[in-house]
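Observations on the model geometry
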Amino acid sequence: MTSGALATLLAATLTACALPTTTGGSAPGSARLTADLASYPASLDPGLQYDTDSYSVYRNIFDQLLHRDAKTNKPVPWLATRWRQATPTTWVFTLRDGVRFSDGSPLTAADAAFSIERILDPKLGSQQNANFSAIASASGHGDTLTIRTKYPSPTLLTYLTTLSVVPEAYVKKVGNAQFNLRPMGSGPYAFVSAIPGSQVVLKRNESYWGHEPPIRQVTFRAVPSPASRVADLTSGKADIADSMTPDTAIQMKSASNLDVRSAPTERVSYLAFNTLKGGPTDDPRVRKAISLAIDYRSLIGALEQGYGKRVDSVLTPLAVGYPKQLHPYAYDPAQARRLVKEAGAEGKTVVMATSPTYDPQIVQVIQANIEDAGLKVSIDNTDQATYLKKVQGPSHDWGSIRFGQWSCSCLDADGVAYPLFRTGTVWSSYHNTSFDALVDRARQTIDPAARDRLYAQAYAILDKDLPGIGLFQIYSIYGANKRLIWHPDAQQSFYVADMRFAS
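Now for a look at the structure at hand. Residue positions are given per chain, counted from 1 along the sequence in the order it is written. Per-residue local features are limited, in this predicted model, to residues with pLDDT of at least 70; the limit for side-chain atom pairs, both in listing and counting, is 80 or more; totals at the level of whole chains, interfaces and linings are taken over all residues. By convention in this description, side-chain values take in all heavy atoms of the structure and omit both hydrogens and water.

**What about the overall build of the protein?**
Summing up its helical and strand segments, the protein has 16 helices and 19 strands in all. Radius of gyration here uses only the C-alpha atoms, and the compact-globule reference equals 2.2 Å multiplied by the residue count raised to the power 0.38. Taken over C-alpha atoms, the radius of gyration comes to 22 Å for the protein, in line with the 23 Å a tight globule of 503 residues would show. Each of the three principal axes of the protein carries a C-alpha extent, and together these read 65 × 55 × 40 Å. Buried residues in the protein amount to 59% of all 503 residues. Any two residues having at least one pair of non-hydrogen atoms within 4.5 Å are treated as being in contact. A separation of at least 24 residues holds for 69% of the contacts in the protein among residues at least 6 apart in sequence. We score Asp and Glu as negative and Lys and Arg as positive, and we do not count His or the chain ends. To locate a charge, take NZ of a lysine, CZ of an arginine, CG of an aspartate or CD of a glutamate. Computed over 50 positive and 45 negative side-chain charges, the separation of the two mean positions in the protein equals 2 Å. Per the convention used, a helix needs a DSSP run of H or I reaching at least four residues, while a strand needs a run of E reaching at least two, with both numbered from the N terminus. Burial classification: accessible surface area is computed with a 1.4 Å probe over protein chains only, and a residue below 20% of its type maximum counts as buried, one above 50% as exposed, and the rest as partly exposed.

**So, the packing of helix 7 (residues 226-235) against helix 8 (residues 246-253)**
Lines fitted to C-alpha atoms define the axes here, with helix axes fitted over just the stretch in contact, and angles between the N-to-C directions of these axes take values from 0 to 180 degrees. It is at 10 Å that the axes of helix 7 and helix 8 come closest, and there the two elements cross at 20 degrees. With respect to helix 8, the element helix 7 is oriented roughly parallel. Viewed along their axes, helix 7 and helix 8 form a crossing whose handedness is right-handed. Mapping the contact onto sequence places Pro226, Val230 and Leu233 in helix 7 and Thr248, Gln251 and Met252 in helix 8. In terms of residue class, the contact of helix 7 with helix 8 is built from four nonpolar, two polar and no charged. To sort the angles, those under 35 degrees are grouped as roughly parallel, those over 145 as roughly antiparallel, those from 65 to 115 as roughly perpendicular, and the leftovers as oblique. Left-handed is the label given to a crossing in which the near helix is rotated counterclockwise from the far helix by less than a right angle, and right-handed is the label when the rotation is clockwise. The nonpolar class holds Ala, Val, Leu, Ile, Met, Phe, Trp, Tyr, Cys and Pro. Asp, Glu, Lys and Arg form the charged class, and all remaining residues, Gly among them, are polar.

**Thoughts on unusual backbone geometry**
The backbone of asparagine 73 sits at a positive phi, close to 65 degrees, despite the residue not being glycine. Mapping asparagine 73 onto the fold places it in the loop between strand 2 (66-68) and strand 3 (75-77). The class for asparagine 73 is buried, based on a relative accessible area of 18%. Of note in this structure, glutamine 492 is not a glycine but carries a positive phi near 55 degrees.

**A few points about empty space enclosed by the protein**
Cavities and pockets were defined on a 1 Å grid built over protein atoms only: a cavity is a set of grid points that admits a 1.4 Å probe from which the probe cannot escape, a pocket is an open set flanked by protein on both sides within 12 Å along at least five of seven lines, and lining residues are those with an atom within 4 Å of any such point. Grid points are joined across faces, edges and corners, and a volume is the space filled by probe spheres set on the points. Across all of its chains, the model carries seven cavities of 30 Å³ or more by this definition. If you add up the space inside the largest cavity, you get close to 490 Å³. Taken together, 38 residues form the lining of the largest cavity, with Thr52, Arg267, Thr357, Tyr358 and Gln405 sitting closest to its centre. Counting residues per element, the ones that place at least two in the lining of the largest cavity are helix 2 (52-58), helix 7, strand 12 (258-273), helix 12 (360-372), helix 13 (384-391), strand 16 (401-406) and strand 17 (468-481). For the lining of the largest cavity, the element with the highest residue contribution is strand 17, accounting for five residues.

**A closer look at the state of the cysteines**
Disulfides are defined in this document as cysteine sulfur pairs within 2.5 Å. By the definition in use, this model includes one disulfide. Put simply, cysteine 408 and cysteine 410 are joined by a disulfide, and their sulfur atoms are 2.0 Å apart. Between cysteine 408 and cysteine 410 the disulfide shows an S-S torsion of about -85 degrees. By sign, it is left-handed. By relative accessible area, cysteine 408 is classed as buried at 2%.

What follows is the structure in structure tokens.
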């Protein structure tokens, strides 16, 4: 993003923050809700990005093929009411009767098949392609959706919990660009309006097939500053705010009208290295030095304040395939300095990409830790959409290190190892043929014990090569008006239909 464009976006965002709310969501008995997000959604097209802010908005507009039980995390019926595995590579799903998109047109199995094939089409450039790449084809007739996989897939159902079904006719009529600007789905809420970079307004879908959502209208606002989000909650301009920091949680606990809502999630805070065109981080000794330079205990204890838990890899223990044999990352600044000198990298600059979605205090502490090891760190902080576009670029010209928080919403090692580190996938700036072979085999292996063994080997390679470092398991932190009845889950499902105000 150019400095001019960034200034324009910031000006638009600040203007939005300064405007008085018109929703009145915190008034007693109100059925309107205002939600502050850290960033404007990178996409309203569910076939594209699946970052936190985009997810929070568009999953209210669209229905997913399956959902997860919030307590067991098991896939449960949603648009698909039942399913069976006809052969090792053929799955047949029966779709719910009477579901309509918000324009009144019926949702059919053909729409579900189109939604899958669209993500698989390279022309769309979907960042979700890797998640669904085990699928060979999808077809729909009436209420029957048939999915054929390239091989027996142990993760098909888990990824289908993330599949939002889009209307084929509408997408083809308006085109992808217009669909992103004016999305339409069958979910509990319908798109009303958007001010790009600032806010999105949804209204209750009066023809929704499920229970009537208690909230009539919701406004999602991009408010990058955590302090501003707290101020909005305290003043009543917002009813709930996402991506809150531990420091702001302390502030919110002292406010008589606010609650802190939190849950351990499958999301992991991590650093990923550019091992292909990252400059200093092309050298594995520099990556090892950075891993030794980070004071993990202080980072989690002092900054996360109980809202995080140490991990031994870029994965959380909630995921199937979590490697149990690894040891925690060590903190050894003296050894880090020795390695930086040995690599001839002392005084060299590493560019660290981040966005306002992520806690700037953590980024600054990591910057200080790395600089103590003898490197210089230049932070490249851009809005989330720009950050995603940059680090997902096939040219790998995004810098040396990126700070991020990863969740596949799939609770499986495949959803981390494959898209983040497998050669040629959209996020990966790493290449190791042995690692690629292991994760390829794991996603074709049905036996759980055999999959665990493959991921143990794959993650041992990552532990040696260090294309990424897991910092900690993230606990979601939301600030909410005390009258808002809602509890977060491990997947950070931000379903407004599950929210209501106490009378």
